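# Overview (structure and organization)
Okay, here's what each chain looks like letter by letter:
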Amino acid sequence: MSRLVVERTKHRLPDDADALARQAVLIEAELEHDFPTRWPLLHPQLLLEEATWWAEEHDDDLLSCRSCQLQNGIASERIDVIRPHRVSA
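Residues numbered from 1 in each chain as written. Predicted model: local features only at pLDDT ≥ 70, side-chain atom pairs only at ≥ 80, totals over all residues. Heavy atoms only, no water.

### What about the overall build of the protein?
Helices and strands together make up the secondary structure of the protein, namely four helices and zero strands. Going from N to C terminus, the protein has its helices and strands arranged as α-α-α-α. Counting all 89 residues of the protein, 20% fall into the buried class. At a minimum sequence separation of 6, the contacts of the protein that also span at least 24 residues come to 49%. Here the protein displays about 7,400 Å² of accessible surface, and carbon together with sulfur accounts for 57% of that area. (Helix = DSSP H or I, 4+ residues; strand = E, 2+ residues; numbered from the N terminus. Buried < 20%, exposed > 50% of the residue type's maximum accessible area, 1.4 Å probe, protein only. Contact = heavy atoms within 4.5 Å. Areas by Shrake-Rupley, 256 points an atom, 1.4 Å probe, with all protein chains shown as cover.)

Below, the structure written as structure tokens:
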């Protein structure tokens, strides 16, 4: 969620960024509640990663933005995962 907030903000989509930011706050509250011992260790790592996202350069056009394509994956660069087949008995 935090990554999407950064991307939408960098691409001047404030309404989308605000909606995603509200959802990110709710998700972080759930994580803090569900993982009370692990979340304090993981949250600083998330904040550091988020700081690197804010430092990234983004192109003006969302669809051709290289930073967003690298994060979300370009179709030609994606790795296809072969789904396991069911073995019938």
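Still more to cover.
### Here we look at the side chain of Glu50
Topologically, Glu50 is positioned in helix H3 (residues 39-55). Despite its burial, Glu50 remains without a salt bridge, the nearest opposite charge being carried by Arg3 at 10 Å. (Lys, Arg positive; Asp, Glu negative; His and termini not counted. Salt bridge = Lys/Arg side-chain N within 4 Å of Asp/Glu carboxyl O.)

### Here we look at the side chain of Ser2
Tracing the sequence through the fold places Ser2 in helix H1 (residues 2-10). Aside from chain neighbours lying at most four places away, what touches Ser2 is Ala24, Glu28, Leu46, Glu50 and Trp53.

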